[in-house]
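Take a look at the letters that make up each chain.
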Amino acid sequence: MKAILFFALIVSSYSYAQSGHDHQSDSDKKGDQHGDMHDSDHHGMGGMGGMMHGGGHHKMDKTMLKHFFEPLPASIIDEKKNAALIALGKKLYLDPRLSINDTISCNSCHQLTNFGVDSQPTSPGHDGTRGGRNSPTTFNAALHIAQFWDGRAKDVEEQALGPILNPIEMGMPSEEAVVSKLKKIDEYKTMFADAFKSEKDPIQYKNIGKAIGAFERTLLTPSRFDDYLKGDENALNDAEKRGLQKFIHMGCANCHNGVAIGGNSYKKIGLVEPYETKDLGRYEVTGLETDKKVFKVPSLRNIAKTAPYFHDGSVATLDQAIEEMAEHQLGRKVGPGFVEDVKAFLGSLTSKGK
């Protein structure tokens, strides 16, 4: 029965998408200067976008919303039970001594005071050499399907260990060198023993990843959009609600969905209109032709605060990112009204704690 209902929603929303580009009230169209959408193709099938009821009144269909989004959970780790492990993980996350020359920490590229990013196109490593990809935020990252742009690490515990040995990033020569360095620090002797009470020799390389991963699992950032999903109609203003409608109607939510509003699938960049990049994405991990230029879909939580954008950090502003995603992924040209409203909606995904 659920399958039949879901199919009916798809059919009805597709009909909706074909019947009128924006389906807005007159006042909304004036704000858009009739410039929201051009091009008659609907590559996103309208994103199952039949969201409004009653002549332009911006009221969301809650059943429809649940097909796309869910609010952040209160927690994904028992912080009381894992207090010692989390404390160790935070210290390691902030400690530049995990790098070859004591200059680079996890926090250097994923700053806790800056929404988990460093606001640079690509990040400098221990000797100033820059990596080839933009450093994504660690906030809410534990909710993703995998880690890194190409998904080569299965979780945050595995991901945390990669940069330490990366010759461009933190530059440590081996696991043994990292462990030897930490064993010379009295505070770590105590903290590892507290976090891994059952282990005779707790300072092991794999345990560094376990600790940092545990800490990163605490980095959830509830937003006003979560309040809205939980039933607070006043959590979003009219512009944000319009933006949400357009976001779904255009098809953006076909990729940016779920609890992290993304991070749960892989897509080719330039799906409709080619995107110029030498980066082959997941192909470098899988070797599959179909994975060329395929990347993990980024989470949009805190997206208004985590510029620059895309895997190469080449897009400086959120306005440009919205325009380019519409063009390259959906084959659509969007006007200033669409960009303004969708940008407003995306702003509602910013952490309430900041």
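Residues numbered from 1 in each chain as written. Predicted model: local features only at pLDDT ≥ 70, side-chain atom pairs only at ≥ 80, totals over all residues. Heavy atoms only, no water.

## Some points on the overall build of the chain
Operational definition: Helix and strand labels come from DSSP, where a helix needs a run of H or I of at least four residues and a strand needs a run of E of at least two; each type is numbered from the N terminus. When accessible area is computed with a 1.4 Å probe and restricted to protein chains, residues below 20% of their type maximum are described as buried, those above 50% as exposed, and intermediate ones as partly exposed. We call two residues in contact whenever any of their non-hydrogen atoms come within 4.5 Å of each other.
What the chain contains, in helices and strands, is 14 helices and four strands. Taken across its 354 residues, the chain has 52% of its residues classed as buried. Long-range contacts, defined as pairs at least 24 residues apart, comprise 69% of the intrachain contacts of the chain with a sequence gap of at least 6.

## Some remarks on unusual backbone geometry
In the segment running from A307 into P308, the intervening peptide bond is cis, with an omega of 0°. Checked against the element boundaries, P308 lands in the loop between β3 (294-296) and α13 (318-330). In this structure, I261 takes a positive phi of about 55° despite not being glycine. Owing to a relative accessible area of 0%, I261 belongs among the buried residues under this scheme.

## Focus: the side chain of H110
Summarising the element assignment, H110 is placed in the loop between α5 (106-109) and α6 (156-165). Ignoring any residue separated from it by four or fewer positions in sequence, one finds H110 in contact with Y93, G116, V117, S135, P136 and T138.

## So, the packing of α6 against helix α9 (residues 205-216)
Convention followed: Only the stretch in contact is used when fitting a helix axis, every axis being a line fitted to C-alpha atoms; angles between N-to-C directions are given from 0 to 180 degrees. Orientation categories follow fixed angle ranges, with anything under 35 degrees roughly parallel, anything over 145 roughly antiparallel, 65 to 115 roughly perpendicular, and all other angles oblique. In this scheme the crossing of two helices becomes right-handed for a clockwise turn of the near helix relative to the far one and left-handed for an anticlockwise turn of less than a right angle.
α9 packs onto α6 with a crossing angle of 120° between their chain directions and a minimal axis gap of 7 Å. Here α6 lies oblique to α9, going by the angle between them. As α6 packs across α9, the resulting crossing turns out to be right-handed. The segment α6 lies against α9, with V156, E157, Q159, A160, L161, I164 and L165 engaging Y205, K206, I208, G209, K210, I212, G213, A214 and E216.

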